[in-house]
There are 2 protein chains.
Amino acid sequence: MIVSIIGLGLIGGSLALDLRSNGFASRLIGVDLKAEHQDQAIELGLVDEILSWEEACKVADILILTVPVSAILKQLPIALDLIKEDALVMDMGSTKSEIRQSISDHPKRNRAVLAHPMAGTEYSGPKAAIHNLFHRKVAIICDPKESDKDALELAERLLKSLFMRIIYMDAQEHDVHAAYVSHVSHISSFVLALTVLEKEKSEANIFNMASGGFASTVRLAKSSPKMWRDVYEQNADNLIDVLEIYIKKMQGFKALIESGEFDKTAELMEEANEIGRILKETPHLMKYS
Amino acid sequence: MIVSIIGLGLIGGSLALDLRSNGFASRLIGVDLKAEHQDQAIELGLVDEILSWEEACKVADILILTVPVSAILKQLPIALDLIKEDALVMDMGSTKSEIRQSISDHPKRNRAVLAHPMAGTEYSGPKAAIHNLFHRKVAIICDPKESDKDALELAERLLKSLFMRIIYMDAQEHDVHAAYVSHVSHISSFVLALTVLEKEKSEANIFNMASGGFASTVRLAKSSPKMWRDVYEQNADNLIDVLEIYIKKMQGFKALIESGEFDKTAELMEEANEIGRILKETPHLMKYS
C-alpha cells in the first residue's frame, strides 16, 4: 500500500511512524512545503522519499492531508482530481464543515473520507512526530455515507491499525462539539499564558511559582499558532458561542470573589469536579468499535 | 525527631511518606478531623499514631499544619501557645499574608516558619498521598527574618531532605505572585470545566472529544473546592486583579475572532508560545540553593 502524506508535522509524521512499523504502508511518500522539514523527515526515517505535491497525489493508494485546515480546503478538491480512480483521500483536519462543503459537488467526492484524530501534543514539525500518538484515542469520521463503501472501509482499517476507536458524526455536529471541548481549551490556555506574561514581569517568578498544575494548564499555549489560527477561522461561529459562555462564567466567578461569596465558589467548584468523573468513568460505558 | 502533621491529606500525607522513608522523622503523629482519614492514614502507614490536636502539638519537635488556610489562621496562634519551648511550627498554606498577620504579635512568633511548597496534584485526602511529590520542586519560605535562626535552619533542613529548592519572599509578594501564576490557573480550569459541562450535554461527547490537551487543561478542575475556597478568600484582592486582566484578554481574543482578524490571533498565540521557553529554559538559569 503506497501512502502519501502531505504535511510532515506532528500528525503527518506520527502517522508515518506507525503506518510503517505496523506494516500498513509498504511505501511512504512525503510532501512538505519547507525544505527543512523534507530533510528532517528523511533523516528521521518518517518517509521513504519526498515527491512533488502532484506526484505524491498521483502515485498514492492512500493520500492523507495533514496540513492546516485552510490548506486542506484548497488542496482536497485538486487532490481528488489527481488521484488514481480507486485511491482513497483522507484529511485529518480539526474542523470539518467547510472542508465537507469544499468537495460537496466534486465528481469524486466519494473517494474522500473526512477524519479527525483526537490526538496531539503541544509540539509541531517533523521532530515532534512520535510513535503511538493515536493509540486508543478517538478518531471521528464525518458523514461516512458520502464515501464509497470500499473507501470508508479502507480508512477504517487504517485508523484501526493505529488502535483508534472510531466515532461517526456529521460535519456540523463535529464542529460544534470540537469547539465546546477541544478548541476552547486551547484558547483558555493561550489566554492564561498571555495573562501571566503580562502580569508577572519576572521570568524567575513564573518559573518558581509554576507547579505541575500551572504547567499542565498552560501546556497547550505552546501549540502551533499557524494551525490554530485556521481552526478559529473555520469554526468561528461555534467558538464565539462557547467563548461567550466562558467569559460569562468567569465574570460570575470573579463577582463571587468580589462580593465575598466564597461558599458559592465552592459550590461551583464541586459542579466542576464532575468533569473528573466523566473523564474517568465514561470509558467503561463506551464500546470499542 | 517527632513530627506531628495536622491534616492528613495530599500534602500532609505525602510529607509523612517521605519524612519517614528518608529517616528525617523518627516518629510520625497524625491529626485529622475526619475519623475516616485517621483510619486511612494508619492503614496506609502514613503516620505511627493518631493523637488529639492538643497532644500532637505538645509532643512535637516539628509541628506541620497542612490544613486549609482558614484553619491555619485559627490553629497557628494556638499551636504556638502549646508547643515545647524549642519546637518548630511550619504551615504549608497556599496564601501567606493573613497567616503572617495572625501571629505577628505572638510572643512565640519566632518559632514559626511560613512555607509554601509549589507541589500538588488534583487529588485530595490520605489516599492521594504519594512519594516524591516535593522532589525538585520549589518551596517558598516567607519572611525568614521573623523566625529564630535555629527554627529556620531546621525548616530548611526538612525541606532539603525532600530535595526541594528553597526561595525566599515576603508574604505579600508571595501572595501577588501566587495569584498571578498558580491561583488563576486553577480558576481558569474550573471555569473551563463549568463551560464544557453547560454547553455539552452529552457525557459521551465530552469523553470522545477530550484529547490529552483537554484533559490536561481541565485537570485542575478536579481539585478540592474546600481548599481553594479558602485560597480565594485569603487572596481575593490579588485574584480580582489578575482575573480582570484575564477576562479582558479573553474578550479581546473573542473580538478578534468575531471581526475575522485571525492573523492577529496568530500573533497573540506567538506571544503566548513564550511561556514554553520560560518553563523550559529558566531552570538552567536557576541555582539550586
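You'll find the structure just up there.
Let me begin by describing the structure that accompanies this report.

Cut-offs and rules
Residues numbered from 1 in each chain as written. Chains lettered and ligands numbered in written order. Predicted model: local features only at pLDDT ≥ 70, side-chain atom pairs only at ≥ 80, totals over all residues. Heavy atoms only, no water. Pairing = 2+ DSSP bridges. Helix = DSSP H or I, 4+ residues; strand = E, 2+ residues; numbered from the N terminus. Contact = heavy atoms within 4.5 Å. Axes fitted to C-alpha atoms, helices over the stretch in contact; angles between N-to-C directions. Least-squares fit on C-alpha atoms with pLDDT ≥ 70 in both. Salt bridge = Lys/Arg side-chain N within 4 Å of Asp/Glu carboxyl O. Buried < 20%, exposed > 50% of the residue type's maximum accessible area, 1.4 Å probe, protein only.

Turning our eyes to something else, we now look at the sheet that holds strand β6 (residues 112-117) of chain A. All names here are of chain A. Taken in spatial order, the eight strands of this open sheet run β3-β2-β1-β4-β5-β6-β7-β8, and their pairing is mixed. Two strands bound the open sheet, and with one partner strand each, they are β3 (49-50) and β8 (165-169). Both β6 and strand β7 (residues 138-142) contribute to a ladder of four bridges, which runs antiparallel. Its bridge partner lying in β7, P117 is registered against A139. Sitting on the sheet, helix α4 (residues 69-82) touches β1 (2-6), β4 (62-65), β5 (88-91) and β6, and the angle it makes with β4 is about 165°.

Quick look at the relation of the copies chain B and chain A now. Here two copies of a chain appear, and what relates them is a rotation about an axis with a shift along it. With an RMSD of 0.0 Å, the fit of chain B onto chain A corresponds to turning through 180° and sliding 0.0 Å along the axis. A rotation of that kind, with that shift, is consistent with a two-fold axis. Taking C-alpha positions as reference, the residue of chain B nearest the rotation axis is T217 of chain B, located at 2.2 Å.

The subject of this paragraph is unusual backbone geometry. Positive phi values are uncommon outside glycine, yet F163 of chain A reaches one of about 65°. With respect to the secondary-structure elements, F163 of chain A resides in the loop between α6 (149-161) and β8. The phi dihedral of N132 of chain B is positive, around 65°, even though this residue is not glycine. With respect to the helices and strands, the residue N132 of chain B is situated in the loop between β6 (112-117) and β7 (138-142).

Residues and elements named next belong to chain B. Across the sheet, which stays open at both edges, the eight strands sit in the order β3-β2-β1-β4-β5-β6-β7-β8 with mixed pairing between neighbours. Each edge of the open sheet is held by one strand with a lone partner, namely β3 (49-50) and β8 (165-169). Inspection of the sheet shows strand β2 (residues 27-31) paired to β3 by two bridges, in the parallel sense. Directly across from G30, in β3, lies its bridge partner I50. Set on the sheet, helix α6 (residues 149-161) makes contact with β4 (62-65), β5 (88-91), β6, β7 and β8; between it and β5 the angle comes to about 55°.

Here we take up the pattern of salt bridges. Oppositely charged side chains are able to pair whenever their charged atoms sit close together. Enumeration according to the criterion identifies 44 salt bridges over all chains in this entry. Notably, a salt bridge pairs E153 of chain A with K149 of chain A, separated by 3.5 Å at the nearest N-O pair. In this pair, E153 of chain A and K149 of chain A both sit in helix α6, four residues apart, roughly one turn of the helix. Its salt-bridge partner being R277 of chain A, residue E203 of chain B comes within 2.7 Å of it at the nearest N-O pair. Highlighted residues: E203 of chain B in helix α8 (residues 203-209) and R277 of chain A in helix α12 (residues 262-285), drawn from two different chains. Classification of E203 of chain B as partly exposed rests on a relative accessible area of 31%. Through salt bridges with shared partners, one network takes in R100, R109, D143 and E146 of chain A.

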